[in-house]
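Residue-level listing of the chains:
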Amino acid sequence: YKCTYCSQRMLTGTTYRYKSAERIVEELSILVNQYGQTQIVFYDDNFCFKAKRVIDVCEAIMRAGLHEKCAFSVQTRADNFPPDLVPILAKAGFRHAGFGMETGVDRLARLIGKGETVAQHMAAVALAKKHGFDVSLFMIYGLPTETLAERETSYRVVQSARVEASKYNNLIPYPGTPIFNDLK
């Protein structure tokens, strides 16, 4: 993706490395069966990027019976949270989804190269809730040219979504990101 504020591409480029479903379940089994964990968060930047991989992981979790012992959480993009995938996630014990919405204003989303709209995020929130997920939205304040009215709009959009949690971060223009170079 081409989000101008994201430093991840500086670390990994445009590649995305995955562990196999078998390796993930092996590690989850240790956490759940040996250490008694009942909630685990997958901190992938975009867990649902490849639907086939998500299905493989979900099926492996269910084969191992981990979905009966633990609740799972993911971070993903709203546009990678499709209606055909969400029921599979729910069946496999996923109970929470976090979306990097960043702003509740489409103009700002376009400005930062988000590649998603406010409407897409609201649809993903509704879909998640329909399937029993709790939802978090992650926002960024201080985007270039953001007005006080737009900041208030973003806040109202998040409030109207009635999500379980939201996190508001200040923009950090990391050196080497497109937004840093533009601001410089």
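Structure shown above.
What counts as what
- The numbers attached to residues start from 1 for each chain and follow its sequence in the written order.
- For this predicted model, a pLDDT threshold of at least 70 governs which residues receive local features, and a threshold of 80 or more governs which side-chain atom pairs are given and counted, while totals over whole chains, interfaces and linings are taken from all residues.
- Values shown for side chains rest on all heavy atoms present in the structure; no hydrogens or waters enter the calculation.
- Here a helix means four or more residues in a row that DSSP labels H or I, a strand means two or more in a row labelled E, and each is numbered from the N terminus.
- How far a helix is expected to stretch is found by multiplying one less than its residue total by 1.5 Å.
- Contact between two residues is taken to exist if any of their heavy atoms lie within 4.5 Å; hydrogens are not considered.
- Stacked, tilted and edge-to-face pairs are distinguished by plane angle, under 30 degrees for stacked and over 60 for edge-to-face with tilted covering the rest, among Phe, Tyr and Trp rings (Trp via its six-membered ring) whose centres lie within 6.5 Å.
- When accessible area is computed with a 1.4 Å probe and restricted to protein chains, residues below 20% of their type maximum are described as buried, those above 50% as exposed, and intermediate ones as partly exposed.

Undergrad: Can you tell me about helix α2 (residues 21-34), naming the residues and giving the values?
TA: Spanning 14 residues, α2 covers 19 Å between terminal C-alpha atoms, matching the ideal 20 Å at 1.5 Å per step. Where α2 is buried, its residues meet β1 (39-42), α3 (51-63) and β2 (71-76). Looking at the residues trailing α2, positive phi occurs at G36, about 70°.

Undergrad: Please give an account of the packing of aromatic side chains that cites residues and values.
TA: Per the stated rule, a full pass over the model turns up nine aromatic pairs. With centroids separated by 5.1 Å and ring planes inclined at 35°, the aromatic side chains of Y141 and Y168 adopt a geometry described as tilted. Of this pair, Y141 sits in strand β4 (residues 134-141) while Y168 is found in strand β5 (residues 165-170), placing the two residues 27 residues apart along the sequence. The class for Y141 is buried, based on a relative accessible area of 16%. By way of ring pairs, the aromatic residues F42, F47, F72 and F94 are connected into one cluster.

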